[in-house]
Each structure stands twice: as structure tokens, then as C-alpha cells.
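Topology and contacts: notes
Below, each chain spelled out in residue letters.
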Amino acid sequence: MAYEEQIGKSVTRIFKAVFPNTVNHYDTLFGGTAMHMMDEVAFITATRFTKMRTVTVSSDRIDFKKPIPHGTIVELIGTVIHVGNTSLKVRVDIYVEQMYVDHREHAISGIFTFVAIDENKKPIPIKVPA
């Protein structure tokens, strides 16, 4: 199977509601909570792509473009953007939607790097499933 086809099959979309226990004193989503959700979606995307054990080794950049208010819905979308020998990069975008209005905005984006590992936690080559 070609990388492009496997990338398409591994795109991950998760929706979450922004509840009071996830916001700061400005009534917007904690940055750390957003990063946690993004890393989780990136991990799922990397695992769906490789069908291998993977671990996060870095987050290259996370851009907070819009605050995410309490009482909204977020969609996190993970997509593989680069595949190396033992590592891959996953871009995660967060979109914020108003619950009762037809409005959606791109709020946050970030890139996470993962390494495929064996049972001894040593890096191993990524092999795309056939």
C-alpha cells in the first residue's frame, strides 16, 4: 500500500465538548489540556498509520491562534505529514465550533514527532502495512 493511501486511512478525527473542568480563569481551554488532547490524537494517528508501537519524542511547534471558550465543541484532526526511517510527524489541528450557531474556526495547530519502537523500546524502521 502506498504511503498516500495509508495516510488517508489513518487520518483521525475526535470531537470533544469544552466543559468547565477544562478551562482556566479566563473561561477558555487550558493550553496544557489542549496539548494533552493533541498528543493523544497524534499518538492514535501514528499508531493507525504504522500499526506499530510508537512514542512521542517531540512537539515541534504549537500555535494557539484563537482562544477556545467554555461551552464549545472542538474537533481534533490528526494527519501524518512526514515519514522517515524510524520516525514520523503528525500534524494536529483543532477547530472550535459554537454549539448552537453554525460557526467554526481553526484555533490551534501543532506538529508531533513519533518514533517506532520494539519491545525493548529501541527505535525500529517503520513498515507500512500491506
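Calculation rules
- Residues numbered from 1 in each chain as written.
- Predicted model: local features only at pLDDT ≥ 70, side-chain atom pairs only at ≥ 80, totals over all residues.
- Heavy atoms only, no water.
- UniProt positions renumbered as here; feature names shortened; annotations may be inferred.
- Salt bridge = Lys/Arg side-chain N within 4 Å of Asp/Glu carboxyl O.
- Helix = DSSP H or I, 4+ residues; strand = E, 2+ residues; numbered from the N terminus.
- Buried < 20%, exposed > 50% of the residue type's maximum accessible area, 1.4 Å probe, protein only.

In the nomenclature of an unreviewed UniProt entry, the chain corresponds to Acyl-CoA thioesterase from the organism Chitinophaga oryzae. Taken from UniProt, the Sequence similarities (unreviewed entry) comment for the chain reads in full: "Belongs to the acyl coenzyme A hydrolase family."

So, about the pattern of salt bridges. Tallying each qualifying case throughout the model produces seven salt bridges. The salt bridge involving E105 is made with K66; its shortest N-O contact spans 3.4 Å. Placement of E105 in strand β5 (residues 104–116) and of K66 in the loop between β2 (54–64) and β3 (72–83) is noted, with a sequence separation of 39 residues between them. On the accessibility criterion, K66 (38% relative accessible area) is partly exposed. For the salt bridge of R104 with E75, the shortest nitrogen-to-oxygen distance reads 2.7 Å. In this pair, R104 is assigned in strand β5 and E75 in strand β3, connecting sequence segments 29 residues apart.

The backbone of D27 shows a phi angle near 65°, a positive value even though the residue is not glycine. In this fold, D27 is placed in the loop between β1 (12–17) and α2 (31–50). Look at K51: it is not a glycine, yet its phi comes out positive at around 60°. Its location among the elements puts K51 in the loop between α2 and β2. Overall, the relative accessible area of 59% leaves K51 in the exposed class.

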